[in-house]
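Spelled out, the chains give:
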Amino acid sequence: MNKKLIVGNWKMNTTLGEAQNLAKDIVKHNSPDVQIVLCPPAVNLYSVGEIIKDSSVLLGAQNCYFESKGAFTGEISAEMLVSVGCAYVIIGHSERRHIFKETNAMIQKKVAAAVRAGLIPIICIGETLEERQANKTLTVVSKQLRSATDFLFEDGITNFVIAYEPVWAIGTGLSATPEQAEEIHSFIRDTCAMDFGDSTRKVPLLYGGSVNESNAAILLTQPNIDGFLVGGASLKSDSFLSICNVV
Ligand code: PGA
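Attention here is on the structure that accompanies the text. (Residues numbered from 1 in each chain as written. Predicted model: local features only at pLDDT ≥ 70, side-chain atom pairs only at ≥ 80, totals over all residues. Heavy atoms only, no water.)

**So, the nonpolar core**
For soluble globular proteins, nonpolar side chains are generally found buried alongside one another.
Part 1 of the argument: Leu-38, Ile-188, Tyr-207 and Phe-228 are the most contacted members of the largest nonpolar core, which totals 58 residues.
Part 2 of the argument: For this core, the element with the most residues is helix 7 (residues 137–154), which contributes 5 residues.
Part 3 of the argument: Ignoring any residue separated from it by four or fewer positions in sequence, one finds Tyr-207 in contact with Tyr-164, Pro-166, Ala-169, Ser-175, Ala-176, Ala-181, His-185, Leu-219, Ile-225, Gly-227, Phe-228 and Leu-229.
Part 4 of the argument: Judged by nonpolar contacts, the second largest core, of 13 residues, contains Cys-39, Ile-90, Ile-120 and Cys-124. (Core = buried A, V, L, I, M, F, W, Y, C linked by side-chain atoms within 4.5 Å. Buried < 20%, exposed > 50% of the residue type's maximum accessible area, 1.4 Å probe, protein only. Helix = DSSP H or I, 4+ residues; strand = E, 2+ residues; numbered from the N terminus. Contact = heavy atoms within 4.5 Å.)

Set out below in structure tokens:
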């Protein structure tokens, strides 16, 4: 695996001015050893894209709809994201799954739409605390994984990213331990390789859930962690860049 991939998911934070300032700070201190992707709120995508366009930092969206256009008030298509400069799109984030009731079936359609439009989907999967406590982690993760990726692998497509984000670790300050994360990452990697061959091993596997400057280094020592999807700690340039500098 070459460069580590560090994705900042700003969620529903940053007004236009705040987004511009954050992007300007990150571009200034951007390191060549990492691939940074910034995912601001949709209304700030174009403006952040203008700030980062001459740098190595890439633009990502937090969601998209699965239709290309039409009467879907309030939705944004993958093609529209491409047209404002996005290279990536986060799909199936646990907040989308739980607050907005996105199902595996919808997420599969969104992944397909993103790939069709030429975006690289960052597909999020992960179990809730109840599921973990009931020993259902592998079942849940493998169902989410298969639903979102089998059809891609069947078509020989490997240009996407998988983010393992245990729901209990998101925004709680309670990150998975390196061992807990690695257990699932190696499970994901082996499952894909077993079913679709070794070429699947090049799909980057990100960890997400309370990543910060103190736990990033130790998490990155794990062989199957290729980078991070960072929420809270991506909202301050100092903490986000410290995570990037760990690489
Ligand atoms: P967090 O969020 O880093 O604030 O836990 C991660 C995410 O939701 O992607």
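**A few points about the sheet that holds strand 5 (residues 120–125)**
Part 1 of the argument: Read around the closed barrel, 8 strands run 1-2-3-4-5-6-7-8, paired in parallel fashion. Recorded for the sheet is a direction-independent mean angle of 25° between the axes of neighbouring strands.
Part 2 of the argument: Across 4 bridges, strand 5 lies against strand 6 (residues 161–164) in parallel orientation. If you follow Ile-123 over to strand 6, its bridge partner there is Ile-162.
Part 3 of the argument: In the packing of helix 5 (residues 104–117) onto the sheet, contacts are made with strand 4 (88–91) and strand 5, and the angle to strand 4 comes to roughly 175°.
Part 4 of the argument: Relative to strand 1 (residues 4–9), helix 10 (residues 237–246) is tilted by about 165°, and along the sheet it contacts strand 1, strand 2 (34–39) and strand 8 (227–230). (Pairing = 2+ DSSP bridges. Axes fitted to C-alpha atoms, helices over the stretch in contact; angles between N-to-C directions.)

**Description of the side chain of Asn-63**
Part 1 of the argument: Topologically, Asn-63 is positioned in the loop between strand 3 (58–61) and helix 3 (78–83).
Part 2 of the argument: Within polar-contact distance, the side chain of Asn-63 engages the side chain of Lys-110 at 2.8 Å.
Part 3 of the argument: The residues contacting Asn-63, other than those within four sequence positions of it, are Leu-81, Val-89, Ile-90, Arg-96, Glu-102 and Lys-110. (Polar contact = N/O pair within 3.5 Å; in protein donor to acceptor, adjacent residues only side chain to side chain.)

**A word on the packing of aromatic side chains**
Part 1 of the argument: Summed over all chains, the structure comprises 5 aromatic pairs.
Part 2 of the argument: Taking the centre distance of 6.5 Å and the plane angle of 55° together, the rings of Tyr-164 and Tyr-207 count as tilted. One end of the pair, Tyr-164, is in strand 6; the other, Tyr-207, is in strand 7 (residues 205–208), and 43 residues separate them in sequence. Assigned by exposure class, Tyr-164 and Tyr-207 land together as buried.
Part 3 of the argument: Chaining the aromatic ring pairs together yields one cluster made of Tyr-65, Phe-66 and Phe-72. (Phe/Tyr/Trp six-rings, centres within 6.5 Å; stacked < 30°, edge-to-face > 60°.)

**Description of the site of the ligand**
Part 1 of the argument: Around the ligand sit 13 residues in total, of which Lys-11, His-93, Glu-165, Gly-171 and Ser-210 are the nearest.
Part 2 of the argument: Note that an oxygen atom of the ligand is positioned 2.7 Å from one of the side-chain N or O atoms of Lys-11.
Part 3 of the argument: Partitioning the shell around the ligand into residue classes produces 4 nonpolar, 7 polar and 2 charged. (Near = heavy atom within 4 Å. Nonpolar A, V, L, I, M, F, W, Y, C, P; charged D, E, K, R; others polar.)

**With respect to the environment of Ile-157**
Part 1 of the argument: Relative to the assigned elements, Ile-157 resides in the loop between helix 7 and strand 6.
Part 2 of the argument: Overall, the relative accessible area of 24% leaves Ile-157 in the partly exposed class.
Part 3 of the argument: Between the alpha carbons of Ile-157 and Ser-199 there is a distance of 9.8 Å; along the sequence they are 42 residues apart.
Part 4 of the argument: Setting aside chain neighbours within four positions, we find Ile-157 in contact with Val-115 and Leu-152.

Remember, this is a structural readout, not a statement about activity or role.
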